[in-house]
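If you want the building blocks of each chain, they are given just below.
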Amino acid sequence: MADPQPEPRERRGVSRRAFLGVAAGGAAAIGIGGLAAVGALDVGALVPGSPSPANATGSRTYPFAGPHQAGIVTPAQDRMYTAAFDLTTTSRDELIELLRRWTTMSGRLMGGLYAGPNGPASGAYDAPPDDTGEAMDLPAAGLTLTIGFGRSLFTGPKGSPADRFGIADRLPTGLVDLPHFSGDRLDGARSDGDLFVQACADDPQVAMHAVRNLTRTAFGTARVRWSQLGFGRTSSTSTTQVTPRNLMGFKDGTANVKAEATSDVEQHVWVQPGDAGGADWLTGGSYAVVRRIRMLIETWDRTSLREQEQIIGRTKGDGAPLSGGSEFTEIDFGAPGRGGAPLVAADAHVRLAHPSTHGGAKMLRRGYNFTDGNDALGRLDAGLFFVAFVRDPRTGFIPVQNALSSKDALMEYLVHTGSGLYAVPPGVPAIGADGSLVDDAYLGAALFA
């Protein structure tokens with residue numbers, strides 16, 4: 001006789017997470033399928049970046065489907081877990097199947113459902129569960145998942161066929177090899193990768209659970225190249241959020257692009273028709289720039305307050321520019337200080353990063369603090385996991401980083417140890433309440449059309 005099967009979870013009662021998932025999944029189905037009929041309903045609740053108004057903070061969910069992927073203009077959550085993957089297959093069909101599975105699973109997880117339909121404690125007793133289970137009793141916590149493609153997906157890494165998947169001619173023109181910047185000490189094991197996954201949530205276990213399950217379903221097709229946990233967002237992506245502080249103790253991202261500034265978002269974040277040199281599959285998507293920046297914490301902590309403020313160009317207390325005013329006062333770069341020198345020094349971080357220094361270039365920053373313990377000398381391995389979304393990295397990131405790396409006084413306290421650039425395709429127009437694909441639409445489908 002076969003081993004007895006456990007009683008299905010549905011017969012024993014429904015967990016908090018399962019209940020949340022059913023409710024969120026149902027709401028998503030109404031929002032996607034009945035958009036034309038909702039009329040007076042707040043449409044903001046139906047687009048990526050806006051939480052369901054009925055959910056409390058911990059149990060809020062963001063919609064997976066929409067013209068753009070979630071996790072970009074979404075109000076930045078408190079925690080992040082990001083990973084890059086190298087493909088272990090050269091089969092185009094296996095890559096497409098992986099993206100289908102990831103799309104379905106991402107839709108389920110963002111909706112508060114388990115990674116698979118049976119969950120972590122039911123299904124075939126002699127087979128692995130289709131969800132790892134560590135988030136079984138946790139709410140969705142505002143989870144978003146964002147997926148992108150590295151340059152090596154198109155060109156191939158060293159020692160592999162150059163065009164493994166027949167897409168080399170669809171490489172977006174902005175998906176370049178980032179140049180070597182002054183101050184780079186990049187670790188190849190912490191850089192690049194064929195695929196990129198960013199999970200953000202207000203609970204670190206929910207974010208980790210999402211990436212863990214995507215990793216598990218990729219077994220035999222892709223393996224993790226690097227991963228990074230982050231805590232404490234270092235920028236605000238919505239006007240409803242206060243400006244956070246980085247590990248140097250300063251407010252970070254005061255002038256960041258905000259989701260509510262729709263003209264800025266359209267101009268500086270979303271890829272427009274014709275931008276990508278014929279790679280029209282990326283229209284409506286973006287580019288994710290990722291930099292792991294270690295801060296030399298011990299040296300910074302022995303620096304005087306006066307020097308810290310001069311290096312940044314803002315006060316440490318309220319974040320006001322040294323030229324005067326409050327945090328959001330426009331910086332007066334011509335304001336004179338002692339001896340006629342400008343109050344905001346020529347090598348101050350805020351001056352060199354300001355859009356006026358780069359022809360108006362802006363980026364939507366979405367970084368996090370990180371700490372990975374100590375090195376062999378007992379120094380903290382901690383700093384900023386920088387993530388920014390830009391319309392074109394050749395104009396929106398590379399010139400800015402060139403200026404910062406060569407002239408910024410802050411570079412004395414920073415070492416860039418990891419780097420990556422990824423093309424983030426647009427969202428999918430619809431997805432079933434259970435995460436099922438609608439009309440076989442999956443993330444990146446237009447790339448393979």
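Residues numbered from 1 in each chain as written. Predicted model: local features only at pLDDT ≥ 70, side-chain atom pairs only at ≥ 80, totals over all residues. Heavy atoms only, no water.

## Examining the overall build of the protein
- Scanning the protein from N- to C-terminus turns up 13 helices and nine strands.
- Of the accessible surface of the protein, which amounts to about 18,900 Å², a share of 55% is contributed by carbon and sulfur atoms. (Helix = DSSP H or I, 4+ residues; strand = E, 2+ residues; numbered from the N terminus. Areas by Shrake-Rupley, 256 points an atom, 1.4 Å probe, with all protein chains shown as cover.)

## What to know about the nonpolar core
- Formed by 83 residues in total, the largest nonpolar core has its most connected members in W102, L143, L145, F149, L153 and Y287.
- Residue contributions to this core peak at eight residues, all from helix α4 (residues 92-110).
- Within the second largest apolar cluster, 22 residues are counted, among which are M80, F196, W226 and A288. (Core = buried A, V, L, I, M, F, W, Y, C linked by side-chain atoms within 4.5 Å. Buried < 20%, exposed > 50% of the residue type's maximum accessible area, 1.4 Å probe, protein only.)

## Section: the environment of G71
- Looking at the element boundaries, G71 is found in the loop between α3 (35-38) and β1 (79-87).
- A relative accessible area of 0% means that G71 is categorised as buried.
- A sequence separation of 128 residues divides G71 from A199, and the C-alpha atoms of the two residues are 7.7 Å apart.
- Residue contacts for G71: discarding those within four places in its chain leaves T144, T146, Q198, R366 and F389. (Contact = heavy atoms within 4.5 Å.)

## As for empty space enclosed by the protein
- Inspection of every chain in the model, using the stated rule, returns two cavities of 30 Å³ or more.
- Approximately 60 Å³ is the volume attributed to the largest cavity.
- Around the largest cavity, the lining residues are R190, W226, S227, Q228, V290, R292, F385, G418, S419 and G420.
- Those elements that provide at least two residues to the lining of the largest cavity are β4 (222-233), β5 (286-295) and β9 (414-424).
- The residue inventory of the lining of the largest cavity, partitioned by class, reads three nonpolar, five polar and two charged.
- Contributing to the lining of the second largest cavity are F64, Q69, A70, M110, L145, G427, V428 and L443. (1 Å grid on protein atoms, 1.4 Å probe; cavity = no way out; pocket = protein on both sides within 12 Å on 5 of 7 lines; lining within 4 Å. Points joined across faces, edges and corners; volume = space filled by probe spheres on them. Nonpolar A, V, L, I, M, F, W, Y, C, P; charged D, E, K, R; others polar.)

## Overview of the pattern of salt bridges
- Enumeration according to the criterion identifies 19 salt bridges in this entry.
- In this structure, the salt-bridge partner of E134 is R212, at a minimum N-O distance of 3.0 Å. You can see E134 sitting in the loop between α4 and β2 (144-150) and its partner R212 sitting in helix α6 (residues 204-217), a full 78 residues away along the chain.
- Of the residues examined, R212 reaches a relative accessible area of 39% and is grouped as partly exposed.
- Two residues, R294 and D375, come together in a salt bridge whose shortest N-O distance is 2.8 Å. On the criterion of sequence distance, the pair formed by R294 in strand β5 and D375 in the loop between β7 (368-374) and β8 (380-390) is long-range, its members being 81 residues apart.
- On the accessibility criterion, R294 (16% relative accessible area) is buried.
- One salt-bridge network, in which partners are shared between bridges, spans R292, R294, D372, D375, R379 and D381. (Salt bridge = Lys/Arg side-chain N within 4 Å of Asp/Glu carboxyl O.)

## Quick notes on helix α12 (residues 398-407)
- Looking only at α12, the buried set comprises I398, V400, Q401, A403, L404 and S405.
- Those residues of α12 that are buried lie in contact with β5, α10 (349-353), α11 (393-396) and β9.

## Describing the layout of surface pockets
- Volume-wise, the largest pocket comes out at about 1,100 Å³.
- Looking at the largest pocket, it is lined by 45 residues, and the ones nearest its centre are G253, A255, H349, A353 and R365.
- Considering only residue class, the lining of the largest pocket consists of 23 nonpolar, eleven polar and eleven charged.

## Brief notes about unusual backbone geometry
- Not every positive phi belongs to a glycine, and D192 is a case in point at roughly 65 degrees.
- Relative to the helices and strands, D192 is located in the loop between α5 (152-155) and β3 (195-201).
- For D192, a relative accessible area of 44% puts it in the partly exposed group.
- Within the chain, D440 stands out as a residue other than glycine whose phi angle is a positive 55 degrees.

## Some points on α4
- Taking 1.5 Å per residue as the helical rise, α4 with its 19 residues ought to reach 27 Å, and the 27 Å between its terminal C-alpha atoms agrees with that figure.
- Where α4 begins, one side-chain oxygen reaches toward the backbone nitrogen of D93, 3.4 Å away; that side chain belongs to S91.
- Note on α4: the residue one or two positions beyond its end, G112, has a positive phi of about 90 degrees. (Expected span 1.5 Å × (residues − 1). Polar contact = N/O pair within 3.5 Å; in protein donor to acceptor, adjacent residues only side chain to side chain.)

## Here's the deal with the pairing of β9
- Within β9, eleven of the eleven residues are buried, which leaves it mostly tucked inside the rest of the structure.
- Note that β2 and β9 share two bridges and pair antiparallel. Looking at β9, one finds that F149 is bridged to A423.
- Sheet analysis places β5 next to β9, joined by ten bridges and oriented antiparallel. By the bridge assignment for β9, V289 is matched with L421. (Pairing = 2+ DSSP bridges.)

## Quick notes on the confidence of the model for the protein
- Averaged over the protein, the pLDDT score is 89; the fraction of residues at 70 or greater is 87%.
- Low pLDDT, under 50, characterises residues 1-16; the stretch is placed with 21 contacts to residues that sit more than four places away or in other chains.
- Within the model, the stretch residues 18-56 combines pLDDT values under 50 with 55 contacts to residues more than four positions away or in other chains. (pLDDT = per-residue confidence, 0-100.)

## Let's talk about the pairing of β1
- Within β1, eight of the nine residues are buried, leaving the element largely enclosed by the surrounding structure.
- When β1 meets β4, the two strands line up antiparallel, connected through nine bridges. Each residue of the ladder has a partner; that of F85, found in β4, is V224.
- In this structure, β1 lies alongside β3, joined through seven bridges in antiparallel fashion.

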